[in-house]
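# Descriptive analysis of the structure
As a plain string of letters, each chain reads:
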Amino acid sequence: MKKITLALAATAALVAATAQAHGPTRRKITESIEINAPADKVWAVLGDMKNSDWMQNVTKTELNGDPAGKFKRVLTLKNGDQIQETSNKYKPDDKLFSYYIDKVDVKDLPANDYSATITVEPEGNDKSKVEWKAAFYRGYMNNDPPPDLNDEASEKGVGDWIKASLANLKAKVEKGS
């Protein structure tokens, strides 16, 4: 009986140690916003791959390739750093844009292996719903991340960036510029 108890205790300790050593798990965020404008008007801003000035902290957009196919973008941030993106899907008829980030400094966006899909759906004649779904790993991929790059901080940082970008999009479209 003592051997069984010791074996169970050892197994429990091993399972607990393994659970803590598995590394990061994929995080998922979905944010949406209602915009007081028709979907076509919203898509005219969101679907303009040459201009991402509605995105939080972005000052310049460089497009490499044709939006009708797979393309790359470089977003320059206010601090001069850049985010490099590659499109997965660009479907203007469906008002859908899907992309992943090739390169970003975790101090600018605390995430690794980030991908997202942004869609615009009509909500009646003069309103739209924009939905942004993102999936990513925390900013620090190894075990024992620093507090500013752990799961919770990464989720908050990405979520805050998405919410601010959606609010900027809403303000830009509703203002009409």
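See above for the structure.
Below is a summary of the structure that appears in this document. (Residues numbered from 1 in each chain as written. Predicted model: local features only at pLDDT ≥ 70, side-chain atom pairs only at ≥ 80, totals over all residues. Heavy atoms only, no water.)

### Considering the nonpolar core
One finds Tyr99, Tyr114, Val130, Trp132, Ile162 and Leu169 to be the most contacted residues of the largest nonpolar core, which totals 38 residues. Looking at this core, the elements that each hand over two or more residues are strand 1 (27–35), helix 2 (39–46), strand 3 (72–77), strand 4 (82–91), strand 5 (96–103), strand 6 (111–122), strand 7 (128–138) and helix 3 (151–175). With six residues, the top contributor of residues to this core is helix 3. The residues contacting Ile162, other than those within four sequence positions of it, are Ile29, Glu31, Tyr114, Trp132 and Ala134. (Core = buried A, V, L, I, M, F, W, Y, C linked by side-chain atoms within 4.5 Å. Buried < 20%, exposed > 50% of the residue type's maximum accessible area, 1.4 Å probe, protein only. Helix = DSSP H or I, 4+ residues; strand = E, 2+ residues; numbered from the N terminus. Contact = heavy atoms within 4.5 Å.)

### As for a negative patch on the surface
Taken together, the side chains of Asp93, Asp94, Glu121 and Glu123 define an acidic patch exposed on the protein surface. Secondary-structure assignment places Asp93 in the loop between strand 4 and strand 5. (Patch = residues over 30% accessible without salt bridge, like charges linked within 9 Å, V, L, I, M, F, W, Y side chains within 5 Å. Areas by Shrake-Rupley, 256 points an atom, 1.4 Å probe, with all protein chains shown as cover. Salt bridge = Lys/Arg side-chain N within 4 Å of Asp/Glu carboxyl O. Lys, Arg positive; Asp, Glu negative; His and termini not counted. Charge placed at Lys NZ, Arg CZ, Asp CG, Glu CD.)

### Thoughts on the side chain of Ser165
Structurally, Ser165 is set in helix 3. Side-chain polar atoms of Ser165 contact the backbone oxygen of Trp161, separated by 2.9 Å. With near-sequence residues (within four places) excluded, Ser165 lies in contact with Trp54, Met55, Gln56 and Trp132. (Polar contact = N/O pair within 3.5 Å; in protein donor to acceptor, adjacent residues only side chain to side chain.)

### Quick notes on the packing of aromatic side chains
Under the counting rule described, the total for this entry stands at 10 aromatic pairs. Here Tyr90 and Phe97 contribute two aromatic rings whose centre-to-centre distance is 6.4 Å and whose plane-to-plane angle is 75 degrees, an arrangement assigned as edge-to-face. On the basis of an interplanar angle of 25 degrees and a centroid distance of 6.4 Å, the ring pair of Tyr114 and Phe136 is categorised as stacked. Within this pair, whereas Tyr114 is found in strand 6, its partner Phe136 is found in strand 7, the two being separated by 22 residues in sequence. A single burial state applies to Tyr114 and to Phe136, both of which are buried. Feature note: the residues Trp43, Trp54, Phe71, Tyr90, Phe97, Tyr99, Tyr114, Trp132, Phe136 and Trp161 constitute an aromatic cluster, connected by ring pairs. (Phe/Tyr/Trp six-rings, centres within 6.5 Å; stacked < 30°, edge-to-face > 60°.)

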